[in-house]
Amino acid sequence: MNKKNSEYLINRKDNQYEVVIGLEVHAQVLSESKLFSTSATKFGAEPNTQVSLVDAAFPGMLPVINEFCVKQAIKTGIGLNAKINKRSVFDRKNYFYADLPQGYQISQFKDPIVGEGKVILDMPDGQKEVGIERLHLEQDAGKSIHDLDPQNTFVDLNRSGVALMEIVSKPDLRSPDEVSAYIKKLRSIMRYLGTCDGNMQEGSLRADVNVSVRTKGSKEFGTRCEIKNVNSIKFMQMAIEYEANRQVDLIEEGKSIDQETRLFDTKKNETRSMRSKEDAHDYRYFPDPDLLPLEVSDEFINDLKTNIPELPDDKKKRFIDQFKLSPYEATILVSDIDTAKYFEEVVAKMGKNKDIKLAVNWITGELFAVLNNKNLEISQSPVSAKNLAILVNLIKNGTISGKIAKTVFELMLDGDKDPQKIVEEKGLKQQSDPKAIEALIDKIINDNREKAIEYKQGKEKLFGFFVGQAMKASGGKANPQLINEILKKKLQ
């Protein structure tokens, strides 16, 4: 695999192949009720306890559009810099499956609610624009459960009728890393907007991954295969790696690639054929006769635009301008809405004489390490923004050293303790009295006269020895900056 200059190419003999990827992301609309019924959408409920007669497709039951879901889709479209279509149509997508009680899915085909848009990715070698083809609303199917009984498959209709936004990208992605960045950016935008919680473990964000390959420099697209329902970024990346190499091997052997739908086996780390890829005509789309075309006014759209919060790209620009952060630091902090909120709360609690850089280092360093180790989200942080701000200020004003701060931080983790109280109770206050430190250094130099002479004769590495002795003599509490300043004067 060649990744020079961020190019993701597959090498075979004298040939180099480029991977072309497009994603169909299925994002569950954050709504308390379903797209066409009043049934609840809460995750983890007992099977078949959140099912209305509409969801179960009882004869004569008519769908009624959920206005809130429409608003959520439009808000997402605005967040994707996309065209909002004032007229859209709901269609019936016909196919049979046991967990699809109607025998069709209500979706949108030719006239989606959101048209073309774009997403900007921050990649290591610069920004990349990924085109959005469309966003349409559709209802989810139920869930087939195969592992409760050796002879029977059970069906849970709790998900049946839940509102989904299908976000279709253009085939602009060229590597597993770009796919990872794209999914994270989409998730971030929707979480900022409050339109999807992005919880992949609960199935509220999943994707169909379209993969094809072509020789480097070719303008023609290869035959694509669709990998259905991948529910983690890691699995998406693994599936793309395997599928791209499988297709390249077929081409190299002089064989053709069949356009088909495939599944990714996470245990064997391979894709396998599921069925031949359907085209639109296979689904026999036609406008749903029970639903009128959906028409929204300019006023309706503009009202939603006025309530759009600050989105990741705008927040990143503000963080760079206002807090003088590097683009890299700002990207990390805005990537998740809760991280951005935590950072801004820390900054607000630090008061006037604040060290923003130090706060960023502690959030992205010490705090992130603890969260990763404990597998926690920042919203579950064992250290509050208020107490982290106090800790950073204690370092900034010289009350404690950076080294002592790490000890204090460890003690803070047990119940979000106040760092000020820890410093007082444990006697960890940094010694910053110049006269006391001078007296301590005089004694160390006096006890190590030979080394002091060697230092003056050019053995500069011994400076570290004297610093270490001073820190040891002070029990690690002496101000390192003062030790360095006084030692330099005394050893001249």
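The notes below deal with the structure included here. Counting starts from 1 at the beginning of each chain's written sequence and moves along it residue by residue. Local features in a predicted model are, by the rule used here, given only for residues with pLDDT of at least 70; side-chain atom pairs are given and counted only at 80 or more, and totals for whole chains, interfaces and linings are based on all residues. Side-chain metrics in this entry use all non-hydrogen atoms of the structure; hydrogen atoms and water are not considered.

It is worth spelling out the overall build of the protein at this point. Along the backbone of the protein there are 15 helices and 16 strands. Radius of gyration here uses only the C-alpha atoms, and the compact-globule reference equals 2.2 Å multiplied by the residue count raised to the power 0.38. Computed over the C-alpha atoms, the radius of gyration of the protein is 30 Å, more than 25% above the 23 Å expected from 2.2 N^0.38 for a compact globule of 492 residues. Seen through its C-alpha atoms, the protein measures out along the principal axes to roughly 95 × 60 × 50 Å. Looking at the 492 residues of the protein, the share that counts as buried comes to 48%. Whether two residues are in contact is decided by their heavy atoms: any pair within 4.5 Å suffices. For the protein, restricting intrachain contacts to residue pairs at least 6 apart in sequence, the fraction spanning at least 24 positions comes to 68%. Every accessible area reported is derived by Shrake-Rupley at a probe size of 1.4 Å, with residue values counting cover from the shown protein chains alone. In the form shown here, the protein has an accessible surface area of approximately 25,600 Å², with 48% of it arising from carbon and sulfur atoms. Lys and Arg are tallied as positive, Asp and Glu as negative. Neither His nor the chain termini are counted. The atoms used to mark charge sites are NZ of Lys, CZ of Arg, CG of Asp and CD of Glu. The distance from the centre of the 73 positive side-chain charges to the centre of the 74 negative ones in the protein is 7 Å. Secondary structure elements follow DSSP: runs of H or I no shorter than four residues count as helices, runs of E no shorter than two count as strands, and numbering proceeds from the N terminus. Burial here depends on accessible area, computed with a 1.4 Å probe over protein chains only, as a share of the maximum for the residue type. Under 20% is buried, over 50% is exposed, and the range in between is partly exposed.

The length a helix should cover is 1.5 Å for every residue beyond the first. When the terminal C-alpha atoms of helix α3 (residues 233-252) are compared, their 29 Å separation across 20 residues agrees well with the 28 Å that a helix rising 1.5 Å per residue should span. Among the residues of α3, those classed as buried are Ile233, Met236, Ala239, Ile240, Glu243, Ala244, Asn245, Arg246, Gln247, Val248 and Leu250. Residue Gly254 follows α3 closely and has a positive phi angle near 80°.

Our focus in this paragraph is the environment of Tyr285. Looking at where Tyr285 falls in the secondary structure, it is placed in the loop between β14 (270-276) and β15 (286-287). Overall, Tyr285 belongs to the partly exposed group, its relative accessible area being 23%. Placed 190 residues apart in sequence, Tyr285 and Tyr95 show a C-alpha to C-alpha distance of 10.0 Å.

This part is about the environment of Ala244. Looking at where Ala244 falls in the secondary structure, it is placed in helix α3. Separated by 147 residues in sequence, Ala244 and Tyr97 have C-alpha atoms that sit 29 Å apart.

Attention now goes to the packing of helix α5 (residues 312-323) against helix α6 (residues 327-334). Axis geometry follows a simple rule: fit a line to the C-alpha atoms, using only the stretch in contact for helices, then measure angles between N-to-C directions, giving values from 0 to 180 degrees. The N-to-C vectors of α5 and α6 enclose an angle of 135°; their axes lie 9 Å apart at closest approach. As judged from the angle between their axes, α5 and α6 are oblique. Once α5 is placed against α6, the crossing between them reads as right-handed. In this structure, α5 uses Pro312, Lys315, Lys316, Phe319 and Ile320 to contact α6, whose residues at the interface are Pro327, Ala330, Thr331, Leu333 and Val334. Residues were grouped as follows: Ala, Val, Leu, Ile, Met, Phe, Trp, Tyr, Cys and Pro as nonpolar; Asp, Glu, Lys and Arg as charged; and all remaining residues, including Gly, as polar. A class-by-class count of the residues in the contact of α5 with α6 yields seven nonpolar, one polar and two charged. For classification, angles of less than 35 degrees are called roughly parallel, those exceeding 145 degrees roughly antiparallel, those between 65 and 115 degrees roughly perpendicular, and all remaining angles oblique. Left-handed describes a crossing whose near helix is turned anticlockwise from the far helix by less than a right angle; the clockwise case is right-handed.

With that settled, consider unusual backbone geometry. Phi is positive for Lys13, which is not a glycine, with a value near 50°. As for its placement among the helices and strands, Lys13 is situated in the loop between β1 (9-12) and β2 (15-28). Among the residues examined, Lys13 registers a relative accessible area of 78% and is labelled exposed. Positive phi, close to 50°, is recorded for Asp416, a residue that is not glycine. As for its position among the elements, Asp416 is in the loop between α10 (402-412) and α11 (419-426). On the basis of relative accessible area, Asp416 is assigned to the partly exposed category, the value being 26%.

Once that is clear, we can look at the environment of Ser401. Here Ser401 lies in the loop between α9 (385-396) and α10. A relative accessible area of 5% places Ser401 in the buried class. Sequence-wise, Ser401 and Ile113 are 288 residues apart; in three dimensions their C-alpha atoms are separated by 57 Å. Sequence-distant contacts of Ser401, defined by excluding residues within four places in its chain, comprise Gln430, Gly476 and Pro480.

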